[in-house]
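Architecture at a glance
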Amino acid sequence: MLKLISLFAMVVLLIFSSEVRAQNQYGTPKTSESPIYIEGFNYPNFDDLSHYAWFHIGYEVINGTEVQLIGEHYRRYGADRISLGARLRQKLANKLYFVGGYQKEWNLYNEGRGFPNPVPRQEIILGIEHQVRQNMLMEVKMVHPIYESDFYSIGLEGVKTRVEMGTRIKF
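A few points on the structure. (Residues numbered from 1 in each chain as written. Predicted model: local features only at pLDDT ≥ 70, side-chain atom pairs only at ≥ 80, totals over all residues. Heavy atoms only, no water.)

Looking at the side chain of Glu105
Residue position: Glu105 is located in strand β6 (residues 96-107). Among the polar contacts made by the side chain of Glu105, one reaches the side chain of Arg81 at a distance of 3.3 Å. Residue contacts for Glu105: discarding those within four places in its chain leaves Arg81, Ile82, Ser83, Pro120, Arg121, Phe151 and Ser153. (Helix = DSSP H or I, 4+ residues; strand = E, 2+ residues; numbered from the N terminus. Polar contact = N/O pair within 3.5 Å; in protein donor to acceptor, adjacent residues only side chain to side chain. Contact = heavy atoms within 4.5 Å.)

Printed below as a string of structure tokens:
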């Protein structure tokens, strides 16, 4: 648990130190001086309890191959989740990428017990990402749990392996 808190604190510190502005999608592009970039998004607060945010911290290992630290926080009435993971992004063609990785998700609400669920959900991610336009990405991925857990993703109760599809627009 102490490792999780330390990792989370380090990620938060990295995000705030790079002058990330909430409620805007942002990106710190790779430069010739630094192969590291940060992307993320924080939805506006619609009420005092609800919150959703994600981030990617990427590092280009070699030309066309990136390693990313990924995270997501989701909170609403009856649920408070955080997931952290690692992802590999490999360029396959001009605008086509393979993505694969591993993530853990913790149930922070834990049925009202006041402490995080001690057994996180663990999943493997495999998919394809396509750059549709200059600042628009489309991703299709298969998410497969690798160990049994006593909670599911919100809205996916009883679902194990699933296909997820989404878009990301940078502005």
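Observations regarding the side chain of Gln68
Position of Gln68 relative to the elements: it lies in strand β4 (residues 65-76). According to the relative accessible area criterion, Gln68 is buried, its value standing at 3%. The residues contacting Gln68, other than those within four sequence positions of it, are Tyr37, His56, Ile57, Gly58, Gly85, Ala86, Arg87 and Arg89. (Buried < 20%, exposed > 50% of the residue type's maximum accessible area, 1.4 Å probe, protein only.)

Focus: the packing of aromatic side chains
Within this structure, the stated rule accounts for one aromatic pair. Centroid distance Tyr52 to Tyr74: 6.3 Å. Interplanar angle 75°. Geometry classified as edge-to-face. Of this pair, Tyr52 sits in strand β3 (residues 51-62) while Tyr74 sits in strand β4; the two residues are 22 residues apart in sequence, bridging distant segments of the chain. Residue Tyr52 is classed as partly exposed on the basis of its relative accessible area, which comes to 21%. On the accessibility criterion, Tyr74 (26% relative accessible area) is partly exposed. (Phe/Tyr/Trp six-rings, centres within 6.5 Å; stacked < 30°, edge-to-face > 60°.)

Notes on the environment of Ile38
Structurally, the position occupied by Ile38 is in strand β2 (residues 36-42). Considering only alpha carbons, one finds Ile38 and Gln68, 30 residues apart in sequence, at a separation of 9.4 Å.

Observations concerning the nonpolar core
In this structure, Ile38, Phe55, Ile57, Ile82, Leu84 and Trp106 together form the largest nonpolar core, which totals six residues. Where this core is concerned, the elements lending two or more residues are β3 and β5 (79-93). (Core = buried A, V, L, I, M, F, W, Y, C linked by side-chain atoms within 4.5 Å.)

Details of the pattern of salt bridges
Per the stated rule, a full pass over the model turns up 14 salt bridges. Here Glu129 ties to Arg89 by a salt bridge, and the two come within 2.6 Å at their closest N and O atoms. Residue Glu129 is found in strand β7 (residues 121-133), and its partner Arg89 is found in strand β5; the two are separated by 40 residues along the sequence. The two residues Glu129 and Arg89 agree in class, both being buried. A salt bridge links Glu164 to Lys141; the nearest nitrogen and oxygen atoms lie 3.8 Å apart. (Salt bridge = Lys/Arg side-chain N within 4 Å of Asp/Glu carboxyl O.)

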